[in-house]
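So you can see what is in the structure, the chains are spelled out below.
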Amino acid sequence: MALDERIITQAIVERWHKKFQESLDVDVCIVGGGPAGIVAGYFLSTWGHRVSLFERKLSLGGGMWGGGMMFNEIVVQEEAREILDQFGVPTVRFTGEYYCADSVMCTTTLASKATLAGLRVWNLMSMEDVVMRSERITGLVINWSAVQIARLHVDPLSIASKFTVDATGHACEVVNVVERKVPGKLLTPSGKFEGEKSLWADRAEQLTLENTTEVFPGLYVTGMAANATFGGPRMGPIFGGMLMSGKKVAELIHARLGGSNA
Ligand code: 48F
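Every value quoted in this text rests on a predicted model; they were computed, and no experiment measured them.

With that settled, consider the site of the ligand. Around the ligand sit 27 residues, and of these Glu55, Gly63, Glu173, Met224 and Gly236 come closest. Measuring from an oxygen atom of the ligand, one finds a backbone N or O atom of alanine 36 at 3.0 Å. Alone, the ligand offers 740 Å² of accessible surface; in the complex the protein occludes 92% of this. At the level of secondary structure, the elements contributing two or more residues to the shell around the ligand comprise α2 (35–46), β2 (51–55) and β7 (125–133). With three residues, the top contributor of residues to the shell around the ligand is β7. Tallied by class, the residues present in the shell around the ligand amount to 12 nonpolar, 11 polar and four charged.

What follows covers the sheet that holds strand β3 (residues 73–77). An order of β3-β5-β4 is seen for the three strands of this open sheet, with the pairing classed as antiparallel. Of all strands in the sheet, those bounded by a partner on one side alone are β3 and β4 (92–95). The average undirected angle you get between the axes of adjacent strands in this sheet is 40 degrees. As judged from the three bridges shared by β4 and strand β5 (residues 98–102), these two strands associate in the antiparallel manner. When the sheet's bridge partners are listed, arginine 93 is paired in β5 with tyrosine 99.

A cluster of nonpolar side chains, contributed by Met1, Leu3, Ile8, Ile12 and Val13, occupies part of the molecular surface with about 600 Å² of accessible area. On the secondary structure map, valine 13 appears in helix α1 (residues 5–22).

Bringing the pairing of strand β9 (residues 157–166) into the picture now. Both strand β1 (residues 25–31) and β9 contribute to a ladder of six bridges, which runs parallel. Within β9, the position partnered with isoleucine 30 by the bridge is valine 165. Of the strand pairs in this sheet, strand β8 (residues 136–144) and β9 are connected by four bridges, and their pairing is antiparallel. Its bridge partner lying in β9, leucine 140 is registered against isoleucine 159. Of the pairings in the sheet, the one linking β9 to strand β11 (residues 219–221) comprises three bridges and is parallel in character. Each residue of the ladder has a partner; that of aspartate 166, found in β11, is valine 221.

Our focus in this paragraph is the nonpolar core. Ranked by internal contacts, the top residues of the largest apolar core, which has 42 residues, are Ile30, Val76, Leu84, Phe87, Leu110, Leu243 and Ile253. The residues contacting leucine 243, other than those within four sequence positions of it, are Pro35, Val39, Met64, Val76, Ala80, Ile83, Leu84 and Leu110. Counting 28 residues, the second-largest nonpolar core is a separate cluster that includes Met125, Val178, Val215 and Phe216.

Analysis parameters
- Residues numbered from 1 in each chain as written.
- Predicted model: local features only at pLDDT ≥ 70, side-chain atom pairs only at ≥ 80, totals over all residues.
- Heavy atoms only, no water.
- Near = heavy atom within 4 Å.
- Polar contact = N/O pair within 3.5 Å; in protein donor to acceptor, adjacent residues only side chain to side chain.
- Areas by Shrake-Rupley, 256 points an atom, 1.4 Å probe, with all protein chains shown as cover.
- Helix = DSSP H or I, 4+ residues; strand = E, 2+ residues; numbered from the N terminus.
- Nonpolar A, V, L, I, M, F, W, Y, C, P; charged D, E, K, R; others polar.
- Pairing = 2+ DSSP bridges.
- Axes fitted to C-alpha atoms, helices over the stretch in contact; angles between N-to-C directions.
- Patch = residues over 30% accessible without salt bridge, like charges linked within 9 Å, V, L, I, M, F, W, Y side chains within 5 Å.
- Salt bridge = Lys/Arg side-chain N within 4 Å of Asp/Glu carboxyl O.
- Core = buried A, V, L, I, M, F, W, Y, C linked by side-chain atoms within 4.5 Å.
- Buried < 20%, exposed > 50% of the residue type's maximum accessible area, 1.4 Å probe, protein only.
- Contact = heavy atoms within 4.5 Å.

What follows is the structure, encoded as structure tokens:
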């Protein structure tokens, strides 16, 4: 068969536009494709919701690839191991209730299972603003990451969603946009963004789950973004809290969408 480059171009452009047009109005938009965002996307998609995940970078995985300081192993505690089991990621007991997994295998398997479950990933796209109606978030303003990186003056596009999840990790980018646009209105004790505290693995892992909640009408926080928003400490390369937080945010939103099979 003689290959025609024009058909290759046409295939890519047409298929991409079809996917994008189908995703202009979804149930849930997740911003950030680290472990918390991917796990949230996996469960919500598995339970039948239409979910888009926007990831600024080329690849999903966030801070998971590099394990701890580029030693590519992660640690999870007993409570979180069942989530890795569910994804089919092998774990090895190190001692007591500490388990290890290969960070590359973990990242690629989570991403693979989530996309196969129906999660639609938009890589190389960044959230730059939110759409609000009557002080409720009703969608995202998005742009190509390359536009932002090159600081080009190019207007963004917007998409609609019933719920939005800030899974942007330490940066808490969606929450910070809301804080700037409507100061003092976050559903934190002070009404403001509290900011991440110093490393304390045990406390941080508990708080990550507690802090996984709705932080503004229509906007939920998960993963490290949940802790930073509510003033919790960071936890370092233990990833159980991220996985459990991703599952919890999926359960909360699933219930809001009227689901009962979580
Ligand atoms: O940082 P990240 O992995 O967040 P997470 O899921 O997990 C945190 C852990 O990796 C680690 C930790 C716990 O062990 O402390 O840091 O909470 O992933 C966040 C992702 O969000 C993307 C960013 O590129 C990264 O892949 N991101 C950040 N801002 C934006 C964004 C944005 N405005 N638009 C799109 N993606």
